[in-house]
Amino acid sequence: MRVDVISIFPEYFAPLDVSLIGKARERGILDIHLHQLRDWARDVHRTVDDTPYGGGPGMVMKPEPWGEAIDAVLAADPAAQPRIIVPTPSGVPFTQKLAMEYAAEPWLLFTPARYEGIDSRVMAEYGARMRVDEVGIGDYVLAGGEVAVLVMVEAVGRLLPGVLGNAHSAVDDSFAPGAMENLLEGPVYTKPPEWRGHEVPEILLSGHHGKIARWRRDEALRRTARNRLELLAALDPETLDKHDRKLLSELGFPA
Ligand code: 97T
């Protein structure tokens, strides 16, 4: 997969050299190209922002440098078109489902903004020619879209074939489609069996794989009920067995 990022802070993306994503790049699975937006500014000060039409606080990113920068990236492969992703708190929520959709694309172009965002005509211009997604990563406000891009590239990159080993594959992630869909993962333990007086739950040492699976599902249900009521409410009742229903009613959540 090819990933382009246009930003006034390309140095913000140094973490993409490290760990899982760094390895994926070394192995040629991820081909990341970083671009300095100011390279396409025309004035001596390399200005990329201006005051908002209609008044109000803050500054808006000017359309011309973005247009020229995006055109230059598009020219890298005129036969193809990237999916353009514009991080913004007013976008659609980034979810595991969207991460999987992006992981199936050959080419992504991220356009993280600073200030109050990019002049909307940039999204209108490219939105008429290709897919442009305005995407948010959560209900909080960042100083700019760079961290949102790091989040999305990591979530997408680890889904690419060959990035995760078999030992820790993405199939049983929370939010992955499948058996435990929409349940949070429960607690995990490793050696030693006792640490500072805290014992590993005995069932995990028992070797009873069926009982362990059931215990893990109970813990997943408990944690989902405690931390994410809206996920619990969204569970398909068809995916709940008798034991699930009993546990949930004990927790005070009747069917
Ligand atoms: O707060 C932001 C500022 C700029 C670009 C993106 C964001 C954001 O994205 N998701 C949450 C906040």
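Residues numbered from 1 in each chain as written. Predicted model: local features only at pLDDT ≥ 70, side-chain atom pairs only at ≥ 80, totals over all residues. Heavy atoms only, no water.

An unreviewed UniProt entry lists the protein chain under the name tRNA (guanine-N(1)-)-methyltransferase, with Streptosporangium canum as the source organism. For the protein chain, the Function (unreviewed entry) comment in UniProt is given as "Specifically methylates guanosine-37 in various tRNAs." Under the UniProt heading Sequence similarities (unreviewed entry), the entry covering the protein chain gives this text: "Belongs to the RNA methyltransferase TrmD family." (UniProt positions renumbered as here; feature names shortened; annotations may be inferred.)

Novice: When you look at the site of the ligand in this model, what are you seeing that I'm missing?
Specialist: Around the ligand sit P87, T88, P89, A113, G136, I137, G138, Y140, V141, L142, G144 and G145, and those are all the residues in its vicinity. At a separation of 2.8 Å, a nitrogen atom of the ligand approaches a polar backbone atom of I137. A distance of 2.7 Å separates an oxygen atom of the ligand from a polar backbone atom of L142. In isolation the ligand has 300 Å² of accessible area, and contact with the protein removes 94% of it. The element that contributes the greatest number of residues to the shell around the ligand is strand β5 (residues 83-93), accounting for three residues. Its residues assigned to classes, the shell around the ligand shows seven nonpolar, five polar and no charged. (Near = heavy atom within 4 Å. Polar contact = N/O pair within 3.5 Å; in protein donor to acceptor, adjacent residues only side chain to side chain. Areas by Shrake-Rupley, 256 points an atom, 1.4 Å probe, with all protein chains shown as cover. Helix = DSSP H or I, 4+ residues; strand = E, 2+ residues; numbered from the N terminus. Nonpolar A, V, L, I, M, F, W, Y, C, P; charged D, E, K, R; others polar.)

Novice: Help me understand a nonpolar patch on the surface, please; the structure alone is not making it clear to me.
Specialist: A contiguous nonpolar patch, built from Y12, Y140, L142, V147 and V151 and spanning about 400 Å² of accessible area, is present on the exposed surface. Note on placement: Y140 falls in the loop between β7 (132-136) and α5 (146-157). (Patch = residues over 30% accessible without salt bridge, like charges linked within 9 Å, V, L, I, M, F, W, Y side chains within 5 Å. Salt bridge = Lys/Arg side-chain N within 4 Å of Asp/Glu carboxyl O.)

Novice: How do you make sense of the packing of aromatic side chains when you look at a structure like this?
Specialist: Each pair of aromatic rings is reported with the distance of its centres and the angle of its planes. Tallied over the full model, the rule gives two aromatic pairs. Considering the side-chain rings of F9 and Y12, the 6.4 Å spacing of their centres and the 50° angle between planes classify their relative orientation as tilted. F9 gets classed as partly exposed once you look at its relative accessible area, which sits at 28%. On the accessibility criterion, Y12 (35% relative accessible area) is partly exposed. Ring geometry for F94 versus Y102: centroids 6.3 Å apart, planes at 25°, classification stacked. The exposure class assigned to Y102 is buried, which follows from its relative accessible area of 0%. (Phe/Tyr/Trp six-rings, centres within 6.5 Å; stacked < 30°, edge-to-face > 60°. Buried < 20%, exposed > 50% of the residue type's maximum accessible area, 1.4 Å probe, protein only.)

Novice: What exactly am I supposed to notice about the pattern of salt bridges here?
Specialist: Between side chains of opposite charge, a pair can form when the charged atoms approach closely. One pass over the structure, following the stated rule, counts 19 salt bridges. When the shortest N-O distance is used, the salt bridge between E230 and R228 registers 2.7 Å. Among the residues examined, E230 registers a relative accessible area of 47% and is labelled partly exposed. Judged by its relative accessible area of 29%, R228 falls in the partly exposed class. Through salt bridges with shared partners, a single ionic network connects R214, R217, D218, D241 and D244.

Novice: Explain the pairing of strand β1 (residues 2-7) to me, please; I cannot follow it from the model alone.
Specialist: In regular strands, side chains alternate between the two faces of the sheet. Of all the six residues making up β1, five are buried; the element is thus mostly covered by neighbouring parts of the structure. One ladder, built from six bridges, connects β1 with strand β2 (residues 31-36); its direction is parallel. Within β2, the residue paired with V3 across the bridge is I32. With respect to chirality, the unit in which β1 leads through helix α1 (residues 19-26) into the neighbouring parallel β2 is right-handed. (Pairing = 2+ DSSP bridges. Right-handed = clockwise from strand over helix to strand, strands pointing away.)

Novice: Help me understand helix α4 (residues 120-127), please; the structure alone is not making it clear to me.
Specialist: The periodicity of an α-helix, 3.6 residues per turn, causes residues three or four places apart in sequence to face the same way. Along α4, the positions that sit buried rather than exposed are V122, M123 and Y126. Viewed end-on, α4 has its buried residues packed into an arc of 95°, placing them on one side of the element. Residues of α4 that are exposed and angled more than 90 degrees away from the buried face: S120, R121 and A124. On the buried face of α4, the contacting elements are α2 (63-74), β5 and β7. (Arc of directions from axis to C-beta. Contact = heavy atoms within 4.5 Å.)

Novice: What's the story with the side chain of T224 in this structure? I'm lost.
Specialist: Mapped onto the elements of the fold, T224 is located in helix α6 (residues 209-227). Judged by relative accessible area, which is 0%, T224 ranks as buried. For T224, the side chain forms a polar contact with the main-chain nitrogen of L184, separated by 2.9 Å. In contact with T224, not counting residues within four places along its chain, are N182, L183, L184, L229, L231 and L232.

Novice: How should I be thinking about unusual backbone geometry in this particular structure?
Specialist: Among all residues save glycine, negative phi is the norm, and among peptide bonds the norm is trans. A cis amide bond links K191 with the next residue in sequence, P192, at an omega value of 5°. Topologically, P192 is positioned in the loop between α5 and β8 (194-195). If you check the backbone angles, R46 has positive phi at about 55° while not being a glycine. A positive phi angle is found at Y115, which is not glycine, with a value near 60°. Secondary-structure assignment places Y115 in the loop between β6 (107-110) and α4. Relative accessible area serves as the criterion here: at 37%, Y115 is assigned to the partly exposed category.

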